[in-house]
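Architecture at a glance
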Amino acid sequence: MADNIPFKLAGVMGMPIYQSRSPIIHNHWIKAHGINGAYGHFPVQPDNVEAAVLGLRALGIAGCNITLPHKLAALPLMDVLSPMAQKMGAINCIVVQADGALHGHNNDGFGYIQSLRDINPNWRADAGPIVIVGAGGAARAVIAALIDEGASDIRLVNRTRATAEKLAEGQTAVVQVHEWHERSEALRGAAMLINATSQGMYGQPPLELDLAPLPVTAMVSDLIYIPLETPLLAQAKARGNTTVNGLGMLINQAIPAFEAWFGVRPRATPELNRLLLATF
Ligand code: ATR
């Protein structure tokens, strides 16, 4: 009887949330794999994070993604944290176990590294200096993933130097903080440039950065995916750099989450890409 087939529910919790493309990704895979389930938007105000997260267990929900602004607030509510979530100090995915225990993960770093390898399968974190602009939560996740991949020379620049210093704390052998006004100079000899600020995002001004000192062999990556091609990426592409937008990170971070909730490892296909591109 249909009533006896377990229905698996998952979703993404955040505020604002309806702009999130995660339901498109997961519902595409749910359909492709013939799974009896659904993935939705969970609009949750900051005051309600605890009730909402603990309610996952009560409702029998398979799990959920956690996005802004709840990535830090949801962490202490977990029964178990993955080593990467611990390192990043934030979670982006909760998996509710059969006994109701809440396991917190952070797949953003995995998604990010995979998105680079999708563009260049030979990409290596130790190929040369990596310049990261920005020192918020996104930069923290990316730095943890890069160090995990063997990065040994990261140059961090942020408008507010103190925030960058705080992020570099305990890992100054790898992460060196450079002055904001010298951010262009920091590009000299770099193998990679990453924008982890909000500059260039839809509705925001472009990141102000003179790329002249950056080798044309360097990869340029922007964590932003709205728009898909930020002014920074357009500028980098025009001078011959390989560019990577933020969409690959979004798709790839969803793979281990889907597998944990629904028991099948899904694939990032050109069809899924087309489906997502049609929403921009
Ligand atoms: P996220 O979690 O997405 O990283 P965040 O924690 O708010 O978001 O971080 C935003 C980043 O964009 C920060 O590095 C921020 O710099 P400050 O630490 O100086 O605030 C950066 N940022 C935001 N607006 C900026 C601007 N106008 N110029 C340069 N950097 C900016």
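Just so it is clear, the structure is predicted and the values come from calculations on it, not from any experiment. (Residues numbered from 1 in each chain as written. Predicted model: local features only at pLDDT ≥ 70, side-chain atom pairs only at ≥ 80, totals over all residues. Heavy atoms only, no water.)

Looking only at helices and strands, the protein chain features nine helices and 12 strands. In terms of C-alpha radius of gyration, the protein chain reaches 19 Å, essentially the compact-globule figure of 19 Å for 280 residues. Its C-alpha atoms put the protein chain at 65 × 40 × 35 Å along the principal axes. Counting across all 280 residues of the protein chain, residues that qualify as buried make up 50%. When contacts within the protein chain are restricted to residue pairs at least 6 apart in sequence, those whose partners lie at least 24 apart make up 65%. If you sum the accessible surface of the protein chain, you get close to 13200 Å²; carbon and sulfur atoms cover 54% of it. Mean positive and mean negative side-chain charge positions of the protein chain (20 and 22 charges, respectively) differ by 4 Å. (Helix = DSSP H or I, 4+ residues; strand = E, 2+ residues; numbered from the N terminus. Rg over C-alpha atoms; globule rule 2.2 N^0.38 Å. Buried < 20%, exposed > 50% of the residue type's maximum accessible area, 1.4 Å probe, protein only. Contact = heavy atoms within 4.5 Å. Areas by Shrake-Rupley, 256 points an atom, 1.4 Å probe, with all protein chains shown as cover. Lys, Arg positive; Asp, Glu negative; His and termini not counted. Charge placed at Lys NZ, Arg CZ, Asp CG, Glu CD.)

Here we take up the domain arrangement of the protein chain. Assigned domains of the protein chain: these are domain 1 (2–106 + 250–277) and domain 2 (109–245). For domain 1 and domain 2, the distance between their C-alpha centroids amounts to 27 Å. Counting residues at the interface gives 11 residues for domain 1, matched by 14 residues for domain 2. The junction of domain 1 with domain 2 conceals about 990 Å² of combined surface from both sides, 66% of it contributed by carbon and sulfur atoms. (Domains from an automatic or database assignment. Buried area = accessible area lost by both parts, 1.4 Å probe.)

On the basis of which strands lie adjacent, the open sheet formed by six strands has the order β9-β8-β7-β10-β11-β12 and parallel pairing. Only two strands of the sheet have a single neighbouring strand rather than two, namely β9 (175–178) and β12 (242–244). When the angles between neighbouring strand axes are averaged without regard to direction, this sheet yields 20°. Alignment of strand β7 (residues 130–133) against strand β8 (residues 154–157), held across four bridges, turns out to be parallel. Considered in β8, the bridge of Ile132 is made with Leu156. Sheet strands touched by helix α4 (residues 108–119): β10 (192–195), β11 (219–222) and β12. Its angle to β12, the strand with the most contacts, is close to 145°. Sitting on the sheet, helix α6 (residues 161–168) is in contact with β8 and β9, with an inclination near 170° to β9. (Pairing = 2+ DSSP bridges. Axes fitted to C-alpha atoms, helices over the stretch in contact; angles between N-to-C directions.)

Moving on to the environment of Trp261. Its location among the elements puts Trp261 in helix α8 (residues 247–262). Between the alpha carbons of Trp261 and Lys8 there is a distance of 7.9 Å; along the sequence they are 253 residues apart. With residues near it in sequence (within four places) discarded, Trp261 still touches Lys8, Ala10, His26, Tyr39, Ala62, Gly63, Cys64, Asn65, Cys93, Ile94 and Val95.

When two helices pack together, their arrangement is captured by the angle between the axes and the distance separating the axes. Contact geometry of α4 with helix α5 (residues 137–148) gives a least axis separation of 8 Å together with a crossing angle of 65°. The angle between the axes of α4 and α5 places the two elements in the roughly perpendicular class. For the pair α4 and α5, the crossing hand works out as right-handed. Touching Asp108, Gly109, Tyr112 and Ile113 of α4 are Ala141, Val142, Ala145 and Leu146, all from α5. Residues that form the contact of α4 with α5 fall into these classes: six nonpolar, one polar and one charged. (Parallel < 35°, antiparallel > 145°, perpendicular 65-115°, else oblique. Left-handed = near helix turned anticlockwise from the far one by under 90°. Nonpolar A, V, L, I, M, F, W, Y, C, P; charged D, E, K, R; others polar.)

With that settled, consider the pattern of salt bridges. Under the defined criterion, the tally for this structure stands at 10 salt bridges. For the salt bridge of Arg124 with Asp126, the shortest nitrogen-to-oxygen distance reads 2.8 Å. A relative accessible area of 52% means that Arg124 is categorised as exposed. Asp126 sits in the partly exposed class, given a relative accessible area of 38%. Connected through shared salt-bridge partners, Arg161, Glu165 and Glu179 make up one network. (Salt bridge = Lys/Arg side-chain N within 4 Å of Asp/Glu carboxyl O.)

Bringing helix α1 (residues 22–32) into the picture now. What α1 keeps buried is the set Ser22, Pro23, Ile25, His26, His28, Trp29 and Ile30. Considering only its buried residues, α1 is in contact with β1 (8–14), β2 (37–43), β3 (63–66), α8 and α9 (270–277). Phi turns positive, to about 60°, at Gly34, one or two residues after α1.

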